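Structural features, examined
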Amino acid sequence: MKKIFKMQNVDCAHCAMKMQNEILKIEGIISASVNFLTQRLTLEFDDSIQEDVLDKARKACKKIDSDTEIIG
Amino acid sequence: MFGLTKKQKRTAISIIISLFLFALSLIIFRFFYDISGDNRLIAKLIPIIVWFGLYIFVGYELIIKGFKNIYNKQLLGEDFLMLVASLGAFGLGIYNLFTSNITEGFEEAVAVVLFYKVGQLFESVATEKSRQSIKELLDICPDTANLINNGESSEVFCEEIKVGDTIAIYPGEKIPLDCTIINGESSIDNKALTGESLPIEVKENSILLSGGINLTGELICKVNKTFSESTATQILELVQNATEKKTKTENFVSKFAKYYTPIVIALALLTAFIPPILFGGLSTWLYRSLSFLVVSCPCALVISVPMTYFVALGKASQKKVLIKGSCYLETLAKAKTFVFDKTGTLTKGEFAIKEILPNSKKDEILRLAYIAEQNSSHPIAKCITDAYKGEQISGYTHTNFAGFGVKAVSDKDEILCGNYALLQANGITPTENKEGAIYLAKNGYYVGLITIEDSIKTEVNGVIGALNKENCKTIMLTGDTFETAKNVSERVGVNDFKANLLPQDKLFEVEKLLAQKQPNDTLCFVGDGINDAPVLTRSDLGVAMGALGSDAAIESADVVLLRDDLQDLLYARNISKRAVKIVKQNVIFSILIKCLILILSFFGITNVWVSIFGDVGVAVLAILNALRV
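Criteria and cut-off values
Residues numbered from 1 in each chain as written. Chains lettered and ligands numbered in written order. Predicted model: local features only at pLDDT ≥ 70, side-chain atom pairs only at ≥ 80, totals over all residues. Heavy atoms only, no water. Core = buried A, V, L, I, M, F, W, Y, C linked by side-chain atoms within 4.5 Å. Buried < 20%, exposed > 50% of the residue type's maximum accessible area, 1.4 Å probe, protein only. Helix = DSSP H or I, 4+ residues; strand = E, 2+ residues; numbered from the N terminus. Domains from an automatic or database assignment. Contact = heavy atoms within 4.5 Å. Pairing = 2+ DSSP bridges. Patch = residues over 30% accessible without salt bridge, like charges linked within 9 Å, V, L, I, M, F, W, Y side chains within 5 Å. Areas by Shrake-Rupley, 256 points an atom, 1.4 Å probe, with all protein chains shown as cover. Salt bridge = Lys/Arg side-chain N within 4 Å of Asp/Glu carboxyl O. Lys, Arg positive; Asp, Glu negative; His and termini not counted. Charge placed at Lys NZ, Arg CZ, Asp CG, Glu CD. Disulfide = S-S within 2.5 Å. 1 Å grid on protein atoms, 1.4 Å probe; cavity = no way out; pocket = protein on both sides within 12 Å on 5 of 7 lines; lining within 4 Å. Points joined across faces, edges and corners; volume = space filled by probe spheres on them. Nonpolar A, V, L, I, M, F, W, Y, C, P; charged D, E, K, R; others polar. Axes fitted to C-alpha atoms, helices over the stretch in contact; angles between N-to-C directions. Parallel < 35°, antiparallel > 145°, perpendicular 65-115°, else oblique. Buried area = accessible area lost by both parts, 1.4 Å probe. Polar contact = N/O pair within 3.5 Å; in protein donor to acceptor, adjacent residues only side chain to side chain.

It is worth spelling out the nonpolar core at this point. All names here are of chain B. Membership of the largest hydrophobic core comes to 60 residues, with the highest contact counts inside it found for Phe-338, Phe-340, Cys-524 and Leu-569. With eleven residues, helix H9 (residues 299-318) is the single largest residue contributor to this core. Lining this core are residues from two domains, each supplying at least three of them: domain 1 (6-136 + 244-308 + 579-626) and domain 3 (326-346 + 457-557). When neighbours within four sequence positions are excluded, Cys-524 is seen to be in contact with Leu-332, Ala-335, Thr-337, Phe-338, Val-339, Leu-541, Val-543 and Leu-569. Residues Ala-109, Val-112, Val-294 and Ala-622 belong to the second largest nonpolar core, which totals 47 residues.

All right, on to the pairing of strand S21 (residues 541-545) of chain B then. Residues and elements named next belong to chain B. Most of S21 sits inside the fold, with five of its five residues counted as buried. Burial along S21 is two-sided: the face carrying Leu-541, Val-543 and Met-545 and the face carrying Gly-542 and Ala-544 are both buried. In this structure, strand S20 (residues 522-527) lies alongside S21, joined through four bridges in parallel fashion. Residue pairing in the sheet places Val-526 in a bridge with Val-543 of S21. Across three bridges, S21 lies against strand S22 (residues 559-561) in parallel orientation. Looking at the pairing, Ala-544 lines up with Val-560 of S22.

All right, on to a positive patch on the surface then. On the surface, a cluster of positive charge is contributed by B:Lys129, B:Lys315, B:Arg578, B:Lys581 and B:Arg628. Tracing the sequence through the fold places B:Lys315 in helix H9.

Residue and element names in this part refer to chain B. Following the criterion strictly, the structure yields zero disulfides over all chains and no others. Not part of a disulfide, Cys-417 finds its nearest cysteine sulfur in Cys-383, a span of 11 Å. Judged by its relative accessible area of 1%, Cys-417 falls in the buried class. You can see Cys-524 has no disulfide; the closest cysteine sulfur is in Cys-472, sitting 9.5 Å from it. Since its relative accessible area comes to 0%, Cys-524 is described here as buried.

This part covers empty space enclosed by the protein. All names here are of chain B. Under the counting rule described, the total for this entry stands at four cavities of 30 Å³ or more. Looking at the largest cavity, its volume works out to about 90 Å³. Taken together, Glu-78, Tyr-116, Gly-119, Gln-120, Glu-123, Cys-299, Ile-303, Asp-615, Val-616, Ala-619 and Ile-623 make up the full set of residues lining the largest cavity. Residue composition of the lining of the largest cavity, grouped by class: six nonpolar, two polar and three charged. Reported here for the second largest cavity is a volume of approximately 60 Å³. If you trace the second largest cavity, you find it lined by Phe-256, Tyr-260, Pro-298, Ala-300, Leu-301, Ser-590, Ile-591, Lys-594 and Cys-595.

Further remarks concern the packing of helix H7 (residues 248-279) of chain B against helix H8 (residues 282-294) of chain B. Residues and elements named next belong to chain B. Their axes nearest at 8 Å, the elements H7 and H8 cross at an angle of 170°. On the basis of their axis angle, the class for H7 and H8 is roughly antiparallel. Along the contact surface, H7 presents Val-264, Ile-265, Leu-267, Ala-268, Thr-271, Ala-272, Pro-275, Pro-276 and Phe-279, while H8 presents Leu-282, Trp-285, Leu-286, Arg-288, Ser-289, Phe-292 and Leu-293.

Attention shifts here to the domain arrangement of chain B. Residue and element names in this part refer to chain B. Domain assignment breaks chain B into domain 1 (6-136 + 244-308 + 579-626), domain 2 (144-240), domain 3 (326-346 + 457-557) and domain 4 (349-455). The C-alpha-based centres of domain 1 and domain 3 are spaced at 50 Å. Across the contact, seven residues belong to domain 1 and seven residues belong to domain 3. Both sides together, the interface formed by domain 1 and domain 3 hides about 570 Å², and carbon and sulfur atoms give 59% of it. On the surface where domain 1 and domain 3 come into contact, there are zero salt bridges. Linking domain 1 with domain 3 are two residue pairs in polar contact (both at pLDDT 80 or more), by the criterion used here. Considering every element that reaches the side of domain 1 that touches domain 3, the biggest residue donor is H7, with three residues.

Below, the structure written as structure tokens:
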């Protein structure tokens, strides 16, 4: 399943890169890309983790920058 | 105020207050607070408390983030490094206060966090600015459409609409999906897509592309393409993914950043402990190692490189030049070989009358040609009937000789209109002979001929001239005969041309050119996207122009010129060159400054203040430079 989320307060380019790497570590994520310029997160994930994928991605981003929000 | 977001405003205000308090404390403790000779504890506690209060006030966000970095094991995170540097400076301040009654360290601690904040604000404002530049483009696509079901309209998410569904588009709404009008008339503003400001009139059976705005009338349409395949969505996707393809420079920078920070931290640790063991003077060396920590983040580099490319991509998209990735900026900047497809790129792909011979019988010839060609829909026939301005003539019966021409017969006249062979076959020998001309005869006698040309776009000469001037190779590919190709290439001004090419031959020619070019040179192919998708893909850089509505072109090209104007190629090239130049400046400038500061602060020639400039100042300068694109 592929979904696009809007993000807020993605303030630095290399944080975006780090967030992407962090999200990719989540189990069940097939592909992830954090777009710094458009502040969009594109996630492709296994249907089995659909319920908590957003929470996990949020946590991963907050780990890098606690100001960053993902709007679900 | 200055278009800042709420968070930015808050930061700006807190920075202004902090700066004021910082200056105040600086003045008080430097000039009016003398603790030499005062050995009471309270005299020492006052500066500690005041500076620490200020430190917390200015830097509480950073401090919290820094500690979070520890918790999340992000020990190379810049927040954490700044926290260590500032706390170290503060600790040094306390140490100095008790050992030698000077307060060196407190000021630096506050300055580190304060200017770090200034740098972050700058970065965030600049980012916002470059985001704004593409926002207009991101806004071309609505989220919902009015689906018509059993005569009733309901608002539905575009993703849910299928091909063949019927939708209504009301005046003032954006066209959500590519569709065909089945009922209604209106005018469409396609400015967001093509940059063309004149509205287009549409009626039944007109094809609409998503992203345009319906201006006047209500339209009922049948959907041709799903949302994800519709024009606007494709363009959006293209822009959104543009920054994901990393350039060589960006890869270099991230590699550099990966090693730079740990090395500088290691140097800082070594500086803090090895020399004091050898020579003593712990506080001096600690101070120097703090200078190291402050410049340990390669922020200026990491920020300014992608930022420069963002700004360039954003600016280009405002001009309706879509560049699919930052890496193509670097490719385009290097391109020295430009290969052009002829029809649709250099020429309009529309035919026009070049000359009518003999000129004295011009009106008569045109009239005869009109009579013969009036029922044909062939582009050449159309250009003749369009050129004829006289009254309508009827009463002729037409016979078509495929590949030769037309015979039009009435009770009085017999008109022949076609190539040389047609006239010869009817026993007439034209007195003139021109390559590719259309010959006319009336009642068995030769009358004259018309030559047709594909008219060259007005801007082409200027563009090719500009490229030639910069020693670029310009080559034209065409399926025309050698003679026609030679003629066109002379008028256009290209260095070289290849004629008689079938579409698959074009690919072969490009392969050959690719093999010939210098290793540092890149080959840029410019086509209109019709039939040249393989060539667009194979070239180092494929540019499709006026490609709106052609999925294959948008998909296989690296740069899409939405407006049908070749000048945009030069624009794209210039902005690429500028971006690459600025990136180079930023990379060299910031690496040099940082290395210089590392060396100078090791020998104690510069202090923490210079390091703060090396961190924040360089970042701000690099960002300002990036915005210049």
